[in-house]
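# Observations on the model geometry
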Amino acid sequence: MRASLLTFFLLLTTIVSAQIPFMQEASLNELNTPVKVNAMVTDSTGYHWLATDAGLYRFNGRSFTLMHDSIGKPATAVAVMKDEVYVGYNDGTIGKADKNNTVVRVRLRNTAPSSSITFMYSFGNILWICTEGEGILAVINHIGVRFTSSSGLSDNFIYTLALLPGNKLLAGTDKGINELSVDKGKLRVRNYTMTQGLPDNIVRVIQPIPGSPLYWCGMQQAGLALFDSRTSKIIQPQMTEPWKWGQVNCVLPIDEQRSWVATEEGYLLECRLDNNNHLSIASFEVPGKRIKALVISRSGVIRAATNTGVTVISAEYMRYVAVPPPYRIGDIAAMTCDRHNTLWFALGRKLYSMAIDSGLHTPRVAGELPANITCLYADNVNRVWIGTFGNGMWYHDINGGLIAVAGIPPLENESVLDITGTSDRLWVAGLNGVQEVFYPGTYTKKMDLLSQHNKNSGIGSDYIYQLYTDRKDRVWMATDGAGVCMYNQGQYTKWDSASGMTSKVVYSVTEDAFGNIWAAALADGLYRFDGEKWHSMRGIGVQDANISTIASNASGQVVVVNAKGFDVWYPQSDLFRNYPHKIFGIDSTSSVLKLSARDTNGNVYIPFEDGFVVFKNVDQRYNIRPAVTISSASVFFKPVDAGTSRFGHDQNHISFRFEGINFANPERLHYRYKLEGYNDSWVVTSDESVTFPQLPDGKYIFTVQASLNNMFHRASEATYSFAVAKPFWKQAWFIILTAFFISGIAVTYVRLREKNLRKVSSLQRERMMFEYEHLKSQVNPHFLFNSLNTLTSLIEEDKQSAVDYTTHLSDLYRNMLSFRNKDLISLQEEWEILDNYLFIQKSRFGEALRVRFDVPQHVKENSKVVPLALQLLVENAIKHNIVSLSRPLDIIIESIENTLVVRNTYQPKLSKEKGAGLGLSNIKKRYALLSKKHTSFGIRNNEV
Amino acid sequence: MRICFLLVFILLVPSLSRAQIYEVSAGSISFNSNAPKELIHASSDKLKGYIDAGKRIFAFKLEIASFNGFNSPLQREHFNENYMESSVFPNAVYVGKIIEDADITKDGVYKVRAKGKLKIHGVEQERIINSVVETKGGKIEIRSDFIVPLAEHSIKIPRIVYEKLAHDINVTVSATLMPKSR
């Protein structure tokens, strides 16, 4: 608990009640600066919400969290509406707590208060606001509707509101109680004042009693009155003394009979109302405190809001009976409680009695024995049997006086360890086993020894630390050496280690309200026997294994007194509640064995330094199990909006903060968590946050449980489901898109490659075709015939020319053969072929064929052409045109701007030569395959 | 603002209900702080105020600087400068209504509750103060004891004198009121 424990109030000066609650003050801040708390409520999760002068606080049992606000005014009222917390301030501002621990201002439309908020109340979706002097506001969806004295209220200063059956409201004002109802759309006000029997006109508190038609009305100076909602009548409860505790500030009803009332003057009153409307009041003073509000947590802890902070009140589960000095109750050796609720206890050789129901707790000396008292037992006719150390057994007669038991030899001068009784017998444990004796009854004054039980008779040990009679009249024995032994109608029952009881030395035995037997063993902790087996209760919340006393109350709690304090088993919660030393100022526990007493109502009394701690029967509905909430989720330590359930693949560093809410043992809170989808095993921690870095994509459920002392059986839990998205490269659309893209690239590549291959192969084919055509033309018999004719004529005319002619012809053929496989040859080489060809043709046509070759030398050397292109063009020209002396054929070859142009005069033969067009298209194709340069053929201006 | 309005209202419209307005003719306020280490006591007789017995409303005012009788002049200086800041908040004011229906103009002794806004050190607190009213021959005498918690009026106590000063101050008021004459 961050708030340090400040004060332990011993309220000895004003004790009226028999049993005093423990109280302890907690500060709201680290500095222990007083903070005035004006109002306090509990929400459905179990959080307490405190409206204070410093703002709104949330309390989880351990720490107070201040909600940030920009309002900067004292908070004066707080209400919970549908899991939302609304807070009212002293300037009329209304705020709402959001998930980020911040109070945001609520802007009211239509009308808004401007004076201090005294009280807020919600039912359904209506928030009711009471103001100082501005009447009542009903707020629905942020729209305010105001009711004031002009609407019929008797006063505009409203202290409180309560809902009545039939959609009516009760409002407490300075001028009585106003009953508000709506009739045919009009507000009807019925007023109850002192004229109608109200003891005071200033009504500060109206609180319904659960399960009852009655409402408590708390007044400014006249105390309490009741409003009966069935008869609409004011009832003044009967009181034995006039009201003297001042202004009623709050009422906390517990059930139909019992309520806690707190006053401005610092009184805490436990009020009991019986069926005759008689009110009995037990008052406790809280010095220096003005109590503004009371709330009760589900574990039964009452908290009072005071002008300096919060005070914890243990009244619902634990109180104490104060025994002032000089008695040192921490030293007592034996105790018991009789049927009149008189507590008997022994200090040394003296026997004391003290009535625990009466107001004053002054022990009375009932007698003194010649030896130290070791044990006490009150039988069902209120005789108190006394065991002594070395002086046998005595009893305190109901008419007074101490009488020594005589006539039973084994008990004379015996050191008695324990005494118990069944219906008609007494059982006395000494150093020689157990003596079973008859009570001195009506028939006989004499006590008779009936039988002896010892090591040899079947117990297995002569030393019995405790004798305990259960509700079935069986006698249980806690032995030294034989474990637990149970005797019933002549039968001894013992348990070996196979039954679960491994210890042979047992100090204390008790039966709980459900019939289970509990046993405390030497240094071995605690066992519980369910009728069949013994279950070790070790390691599940008992603070220390050195247990001296176990005792059970009527509501199922089992009190375990050990070296470190008290532990109390809560059967409904399946948990131990721990009271370590120092809590509530209890600074010691006795190490004397089996030191407890139980009153007729079943409450258990355990001695401590200043009196007796009373472990009260606890109301069944009180549950000490902690609640747990997941307060926030974060990505990379940045909080996300509440309820975010989808996270991106790069948001996979997820943290959760969680918080246990417990008012019983908040310091013992433990958590365990698991992340289903990641790891299915529980991780136990006492941290309040966990981080999962680098979560892979997937669906997860985060579960956290909270419990005390690592006992997670039936623990409450909170879950958070979420999913981490797949990264885009793992998502279907991306994969499909990528597949399309890759196959697209592959298809394009294949197509391009195919196209290229096709291009290459077509080039080859073109070339082959050309070569073929060309060779065909070369071996054209016509050309050969012409050439040979020309040669024949030359041989006759001019031998030398014939030789030249033959040389050129052979050169031509050699060149054509050597170049035909090449893609490109230089223009120079082409010219050589052409030159040879022209020589042959000129020999034939003479002056009828005129060829002009007009290409500069550097172009000839650097430029390249398709082999035999020029020769083919010239051959074409000669082939298709008339070549005669009368009409000579002009062929011009020139280079114009990087282009080779072959022109000839257009004088076509009348008879067409075969294979026309094949050569031209062949050239064209070959050029197209090799370069982007344009080739064109055509007839222009009588020239080709 | 409201207090001023009320004062002006009571002062300026007496003719409407002349017989019902009573004015403080002699009034004293004293306080003491029963701290563990030191008892501080001071008083002032400069109380001013009116009661409208017909409407059962009242307004009282006291100049803070008029308190006398401290243990030392230094203590008085501290009182004015450090705690009450009387140059900033010169007056204490109590304005409100009387809860009980009793007609206090008639002779008799009445226990009444005065409810209203008590403004000290600039901080208003809603208070209910019990008073004894004794009316005799048209003269009204009021006696009242109440507590002023310093914290509720933002009167800060330095740590060094935290022990010396009580956190709750006991205040005693007694005043004689006469019908307002015109």
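The rules behind each value
Residues numbered from 1 in each chain as written. Chains lettered and ligands numbered in written order. Predicted model: local features only at pLDDT ≥ 70, side-chain atom pairs only at ≥ 80, totals over all residues. Helix = DSSP H or I, 4+ residues; strand = E, 2+ residues; numbered from the N terminus. Buried ≥ 20, exposed ≤ 12 C-beta atoms within 10 Å, placed from the backbone. Contact = placed C-beta atoms within 7 Å. Nonpolar A, V, L, I, M, F, W, Y, C, P; charged D, E, K, R; others polar. Domains from an automatic or database assignment. Core = buried A, V, L, I, M, F, W, Y, C linked by C-beta atoms within 7 Å. Pairing = 2+ DSSP bridges. Axes fitted to C-alpha atoms, helices over the stretch in contact; angles between N-to-C directions. Left-handed = near helix turned anticlockwise from the far one by under 90°. Parallel < 35°, antiparallel > 145°, perpendicular 65-115°, else oblique.

### A closer look at the overall build of chain B
- Assigned secondary structure in chain B consists of two helices and nine strands.
- Ordered by position in the sequence, the α and β elements of chain B form the string α-β-β-β-β-α-β-β-β-β-β.
- Out of the 182 residues in chain B, the part that is buried amounts to 25%.
- Restricting the contact set of chain B to residue pairs at least 6 apart, pairs at least 24 apart contribute 58%.

### Some thoughts on the interface of chain B and chain A
- Residue-level contacts link five residues of chain B with seven residues of chain A.
- Taken together, the residues of the side of chain B that touches chain A sort by class into three nonpolar, no polar and two charged.

### With respect to unusual backbone geometry
All names here are of chain A.
- Cis geometry marks the peptide bond from Pro325 to Pro326; its omega dihedral reads 15°.
- Tracing the sequence through the fold places Pro326 in the loop between strand 33 (318–322) and strand 34 (334–337).
- You will see that Lys82, though not glycine, has its phi angle at about 50°, which is positive.

### Digging into the environment of B:Ser33
- Of note, B:Ser33 is situated in strand 1 (residues 21–34).
- According to the C-beta neighbour criterion, B:Ser33 is partly exposed, with 18 such atoms within 10 Å.

### Remarks on the domain arrangement of chain A
- Here the domain parsing of chain A yields domain 1 (35–286), domain 2 (627–725) and domain 3 (745–930).
- On a C-alpha basis, the centroid separation for the pair domain 2 of chain A and domain 3 of chain A is 92 Å.

### So, the environment of A:Gly95
All names here are of chain A.
- With respect to the helices and strands, the residue Gly95 is situated in strand 11 (residues 94–97).
- Spatially, the C-alpha atom of Gly95 lies 9.4 Å from that of Val78, the residues being 17 residues apart in sequence.
- Ignoring sequence-local partners within four residues, the contact set of Gly95 consists of Asp69, Ile71, Val87, Tyr89, Val103, Val104, Arg105 and Val106.

### Side note on the nonpolar core
Residues and elements named next belong to chain A.
- Val78, Met120, Cys217, Leu376, Ala519 and Val559 are the most contacted members of the largest nonpolar core, which has 252 residues in total.
- A domain-level breakdown of this core finds at least three residues from each of domain 1 (35–286) and domain 2 (627–725).
- Met120 has contacts with Ala77, Val78, Ala79, Tyr86, Gly88, Leu127, Trp128 and Ile129, leaving out every residue within four places of it along the chain.
- By size, the runner-up hydrophobic cluster in this structure holds 24 residues, among which are Leu834, Leu838, Val866 and Leu889.

### Things to note about the pairing of strand 47 (residues 475–479) of chain A
Residues and elements named next belong to chain A.
- Among the five residues of strand 47, five are classified as buried, and the element is accordingly described as predominantly covered.
- Both faces of strand 47 are covered, namely the face carrying Val475, Met477 and Thr479 and the face carrying Trp476 and Ala478.
- Pairing geometry for strand 46 (residues 464–469) and strand 47, over five bridges, is antiparallel. By the bridge assignment for strand 47, Tyr468 is matched with Trp476.
- Hairpin remark: strand 46 followed by strand 47, antiparallel, with five residues in the connecting loop; positive phi at Asp473, about 65°.
- In this sheet, strand 48 (residues 484–488) lies alongside strand 47 in antiparallel orientation, the contact comprising four bridges.

### Quick notes on the sheet that holds strand 14 (residues 126–131) of chain A
Residue and element names in this part refer to chain A.
- Across the sheet, four strands lie side by side as 13-14-15-16; this open sheet has antiparallel pairing. With partners counted over all chains shown, the strands left at the sheet margins are strand 13 (117–123) and strand 16 (143–147), one partner each. On average, each strand axis in the sheet is tilted by 20° relative to the strand beside it, whichever way the strands run.
- Note that strand 14 and strand 15 (residues 136–140) share five bridges and pair antiparallel. Considered in strand 15, the bridge of Leu127 is made with Val139.

### Comments concerning the packing of helix 3 (residues 799–819) of chain A against helix 4 (residues 827–845) of chain A
Residue and element names in this part refer to chain A.
- For the pair helix 3 and helix 4, the least separation of the axes is 9 Å and the interaxial angle reads 145°. In terms of crossing hand, the pair formed by helix 3 and helix 4 is left-handed. On the side of helix 3, the interface is formed by Tyr805, His808, Leu809, Asp811, Leu812, Asn815, Met816 and Phe819, while helix 4 contributes Glu829, Glu832, Ile833, Asn836, Tyr837, Phe839, Ile840 and Ser843.
- Counted by class, the contact of helix 3 with helix 4 contains nine nonpolar, four polar and three charged residues.

### Points about the sheet that holds strand 48 of chain A
All names here are of chain A.
- With antiparallel pairing, the four strands of this open sheet are ordered in space as 46-47-48-49. Edge positions in the sheet fall to strand 46 and strand 49 (491–494), since each of these pairs with one other strand and no more. Averaged over all adjacent pairs, the angle separating strand axes in this sheet is 20°, with direction ignored.

### A short note on the pairing of strand 1 of chain B
All names here are of chain B.
- With three bridges connecting them, strand 1 and strand 3 (residues 48–52) associate as antiparallel partners. From the neighbouring strand, Ile21 faces strand 3, where its bridge partner is Asp52.
- Both strand 1 and strand 9 (residues 168–179) contribute to a ladder of 10 bridges, which runs antiparallel. Each bridged residue has a counterpart across the sheet, and for Asn32 the counterpart in strand 9 is Asn170.
- As defined by bridge partners, strand 1 adjoins strand 2 (residues 39–44) across six bridges and the pair is classed as antiparallel.

### Some remarks on the packing of helix 4 of chain A against helix 6 (residues 869–880) of chain A
All names here are of chain A.
- For the pair helix 4 and helix 6, the least separation of the axes is 8 Å and the interaxial angle reads 25°. Between helix 4 and helix 6, the angle falls in the class roughly parallel. Two secondary-structure elements touch here, helix 4 through Glu830, Ile833, Leu834, Tyr837, Leu838 and Gln841 and helix 6 through Ala869, Leu870, Gln871, Val874 and Ile878.
- Grouping the constituent residues of the contact of helix 4 with helix 6 by class yields eight nonpolar, two polar and one charged.

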